[in-house]
Amino acid sequence: MEHLENLLRQIDMTRLPRHVAMIMDGNGRWAKSRGQRRSDGHTEGVGSVRRVTELSSDLGIKYLTLYAFSTENWNRPQEEVDLLMHLIGWAIEKELPDLMRNNVRIHLLGDIDRIPEEPRARLTGARDATAANTGLQLNMCLSYSGRWELTEATRRIAADVAAGRLSPEEITEDLISSHLATGGIPDPDLLIRTGGEQRISNYLLWQNAYSELYFTPTLWPDFGKAEYAEAIIDYQNRERRFGKTSEQVAPKQQA
Ligand code: FPP
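Residues numbered from 1 in each chain as written. Predicted model: local features only at pLDDT ≥ 70, side-chain atom pairs only at ≥ 80, totals over all residues. Heavy atoms only, no water.

Points about the site of the ligand
Here is step 1 of the chain: Looking at the ligand, there are 19 residues lining it, with D25, G28, R29, R38 and R76 nearest.
Here is step 2 of the chain: G28 has a polar backbone atom sitting 3.0 Å from an oxygen atom of the ligand.
Here is step 3 of the chain: Between the ligand and R76 there is a distance of 2.8 Å, counted from an oxygen atom to a side-chain nitrogen or oxygen.
Here is step 4 of the chain: In the complex, 92% of the free accessible area of the ligand, which totals 630 Å², lies under the protein chains.
Here is step 5 of the chain: Tallied by class, the residues present in the shell around the ligand amount to 10 nonpolar, five polar and four charged. (Near = heavy atom within 4 Å. Polar contact = N/O pair within 3.5 Å; in protein donor to acceptor, adjacent residues only side chain to side chain. Areas by Shrake-Rupley, 256 points an atom, 1.4 Å probe, with all protein chains shown as cover. Nonpolar A, V, L, I, M, F, W, Y, C, P; charged D, E, K, R; others polar.)

Some details on the nonpolar core
Here is step 1 of the chain: With 43 residues, the main nonpolar core has M22, L64, L142, I192 and Y228 as its most contacted residues.
Here is step 2 of the chain: With sequence-adjacent residues up to four places away left out, Y228 is seen in contact with V20, M22, V52, L55, S56, I61, L64, I192 and F223.
Here is step 3 of the chain: Judged by nonpolar contacts, the second largest core, of nine residues, contains A21, Y67, C141 and L191. (Core = buried A, V, L, I, M, F, W, Y, C linked by side-chain atoms within 4.5 Å. Buried < 20%, exposed > 50% of the residue type's maximum accessible area, 1.4 Å probe, protein only. Contact = heavy atoms within 4.5 Å.)

Thoughts on the packing of helix 3 (residues 38-59) against helix 4 (residues 78-101)
Here is step 1 of the chain: At their nearest, the axes of helix 3 and helix 4 sit 11 Å apart, and the two run at 30 degrees to each other. As far as their axial angle goes, helix 4 and helix 3 are roughly parallel. The way helix 3 lies across helix 4 gives a crossing that is right-handed. Contact with helix 3, carried on its side by R38, S39, H42, T43, V46, R50 and T53, involves E80, L83, L84, L87, A91, E95, D98 and L99 of helix 4 and no other residues of that element.
Here is step 2 of the chain: Its residues placed into classes, the contact of helix 3 with helix 4 shows six nonpolar, four polar and five charged. (Axes fitted to C-alpha atoms, helices over the stretch in contact; angles between N-to-C directions. Helix = DSSP H or I, 4+ residues; strand = E, 2+ residues; numbered from the N terminus. Parallel < 35°, antiparallel > 145°, perpendicular 65-115°, else oblique. Left-handed = near helix turned anticlockwise from the far one by under 90°.)

Some words on the packing of aromatic side chains
Here is step 1 of the chain: Evaluation of the coordinates by the stated rule reveals eight aromatic pairs.
Here is step 2 of the chain: For the ring pair Y144 and Y203, a centre distance of 6.3 Å and an interplane angle of 85 degrees mean the geometry is edge-to-face. Highlighted residues: Y144 in strand 4 (residues 137-144) and Y203 in the loop between strand 5 (190-193) and strand 6 (212-215), separated in sequence by 59 residues. By the burial criterion, Y144 is buried, and Y203 matches it. (Phe/Tyr/Trp six-rings, centres within 6.5 Å; stacked < 30°, edge-to-face > 60°.)

Notes on the side chain of Q207
Here is step 1 of the chain: Here Q207 is to be found in the loop between strand 5 and strand 6.
Here is step 2 of the chain: At 3.2 Å, the side chain of Q207 forms a polar contact with the side chain of E149.

Thoughts on the pairing of strand 1 (residues 19-23)
Here is step 1 of the chain: With five of its five residues buried, strand 1 lies for the most part within the structure.
Here is step 2 of the chain: Neither face of strand 1 is open: one carries H19, A21 and I23, the other V20 and M22, and all of them are buried.
Here is step 3 of the chain: Relative to strand 2 (residues 63-70), strand 1 is paired through five bridges, and the arrangement is parallel. Residue pairing across strands places H19 opposite Y63, the latter belonging to strand 2.
Here is step 4 of the chain: Across four bridges, the pairing between strand 1 and strand 5 is parallel. The residue bridging I23 from the neighbouring strand is R193, located in strand 5. (Pairing = 2+ DSSP bridges.)

Examining helix 5 (residues 117-129)
Here is step 1 of the chain: A rise of 1.5 Å per residue sets the reference length of helix 5, with its 13 residues, at 18 Å; its end C-alpha atoms lie 18 Å apart and thus fit the reference within 8%.
Here is step 2 of the chain: Turning to helix 5, its buried residues number three or more, namely P119, L123, T124 and A126. What you see down the axis of helix 5 is that its buried residues fit within an arc of 155 degrees, all on one side. Turned more than 90 degrees away from the buried face of helix 5, the exposed residues are E117 and D128.
Here is step 3 of the chain: Looking at the buried positions of helix 5, the neighbouring elements they touch are helix 4, strand 3 (105-109) and strand 4. (Expected span 1.5 Å × (residues − 1). Arc of directions from axis to C-beta.)

Read these as geometric descriptors, not functional statements.
See the structure below:
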């Protein structure tokens, strides 16, 4: 606890990331290393979701985006898919009173129609119940992948062009951004991936163009507030240049 408080004191509250995205990896390995079932790892992972949501909300971070279930995850054994769907729906419903108390707004990103009816009803119920909340926006990516999203956006833009509602010259970066599932949400400043792999795995492919990447070997169920705070401190010590030179982005010295 004291360790966490020390870390929190090191965070510059005037330079918080506005948007943090996370790839929550390592639940299966966490369970296996304890001789438990993969499903136990996912269940334990809910605690980490709670911790990162709580700290994001307490710090005043505006957007937290979690990769809860990818398009590719549909290819996992049916039993694990069913468990994950049930768990995610159940967890959101159980946390709803706390989310309301903390003014958190749930937003769903992905091919939500593919989610089975019961968990889908719980998820859309939580989304609707929190729609007027103005604190942290918790974006849950479900049945989501970057390529799926870019394909969908391209299809809709092409339909507008074919129907004469849009000319090819009007297709700009902003127009593409606005057609993505994240339309209206600023790009992530910081992407955190747990579980030791160093890849993006089809996550927010367009939006992560300039995100700072933070990879940690910590397995998702072991990821807590202290390491999240460390990731934010690490992010604040980096220089974000967006293609410019160091001199161009350095804060102006007072004369
Ligand atoms: C990856 O670990 C994790 C997932 C595919 C699911 C993430 C789901 C949760 C943390 C459950 C609760 C979520 C919410 C939003 C309430 P893995 O199974 O790929 O782990 P491995 O790489 O060790 O096999």
